[in-house]
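Fold and contact review
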Amino acid sequence: MIEQSQLKENIVQAAQNVRANNPMAGSITNTVTIDFVANAQLAAGGSAAMVYLPDEGETLVAAGGAVYLNMGTLFPVYEETIPRTAAAAQAAGKPWVLDPVGIGIGSLRTKLLGQLKEYKPAIVRGNASEIIALAGLWDLSGSAEDLSRARGVDTTDTVEAARDAAVALARFTGGAVVISGKSDLVTDGKSVVISHGGSSLMGKVTGFGCSQGGVLAVYATQTDPFTAAVAAVNHYNFSGRAAAAKAAAPASFKVAFLDSLYLATPEDIANNSMEIQEA
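This report concerns the structure included in the present document. Predicted model only: the values in this text are computed from it and were never measured.

Packing of helix H8 (residues 208–220) against helix H9 (residues 225–244) leaves a shortest axis separation of 8 Å and a crossing angle of 135°. Here H9 runs oblique to H8, going by the angle between their axes. Relative to H9, H8 is oriented so that their crossing is right-handed. The segment H8 lies against H9, with Phe208, Ser211, Gln212, Val215, Leu216, Tyr219 and Ala220 engaging Ala228, Ala229, Ala231, Ala232, Val233, His235 and Tyr236. Of the residues in the contact of H8 with H9, the class split is 11 nonpolar, 3 polar and no charged.

The next thing to look at is helix H1 (residues 4–21). The terminal C-alpha atoms of H1 lie 25 Å apart, and with 18 residues this matches the ideal 26 Å at 1.5 Å per residue to within 8%. Every buried residue belonging to H1 is among Leu7, Ile11, Val12, Ala14, Ala15 and Val18, and all of these are buried. Buried residues of H1, seen end-on, are gathered within an arc of 165° and therefore sit on one face of the element. Facing away from the buried side of H1, by more than 90 degrees, are the exposed residues Ser5, Glu9 and Ala20. On its buried face, H1 is in contact with helix H2 (34–44), strand S7 (191–195), H8, H9, helix H11 (266–270) and strand S8 (274–278).

Cut-off values and rules
Residues numbered from 1 in each chain as written. Predicted model: local features only at pLDDT ≥ 70, side-chain atom pairs only at ≥ 80, totals over all residues. Heavy atoms only, no water. Axes fitted to C-alpha atoms, helices over the stretch in contact; angles between N-to-C directions. Helix = DSSP H or I, 4+ residues; strand = E, 2+ residues; numbered from the N terminus. Parallel < 35°, antiparallel > 145°, perpendicular 65-115°, else oblique. Left-handed = near helix turned anticlockwise from the far one by under 90°. Contact = heavy atoms within 4.5 Å. Nonpolar A, V, L, I, M, F, W, Y, C, P; charged D, E, K, R; others polar. Expected span 1.5 Å × (residues − 1). Buried < 20%, exposed > 50% of the residue type's maximum accessible area, 1.4 Å probe, protein only. Arc of directions from axis to C-beta.

Shown next as structure tokens:
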């Protein structure tokens, strides 16, 4: 289990590197939230590029340091784009982030998520039901019947209920898993971090989960998956809390959040309230 002092030091270094290097992390993401994903990546210190064609996905992998694949709004072309992009990232040895949005709601989505197992994402992020369902689909924890637990983009499970599934996923991929919730859970299969903060207003604006995936990819360009995951989650939780102190309604909160994401210092991010436990 990592020591908290070491983790904080790693987070500070990662955040400093993101701001200094302005790394590009391309995205193939939910069409509902493209704007928010790109702006969050920019505010966090990275650079954004959004595409959906197969050869452009492969180009993003070659051009950037990481890539983000979000399963939100699938088009037929994604049957080719998603696996080709993941395969290109694996072949290039570059980290990629998977958000299994809506797992279980359609045959194409289920087929693609099944295929992605072999490419081992560096980071998986989702709500509790999505993480349980993905671990079941990949035969790592639970069973494929857990697909029925996911209902669109909403969770029917608690973060703690998905803990074992997250640990199993992380141990399989060798990377990190993020479960979003009132307090977020991050694990690499050895350590578990519970990150506190955020705001209930995050649930009143579409795209906070999707945009976090993009920021996870930005951090993944600069450090190991576990440090990247905790840094991005802490960055979001600190910024959500800071934004809530300035705004009391969804639209103004979103603006304040992007400002807070931009203004957060590496020390702010590292010192966000968190607990470290053994997996």
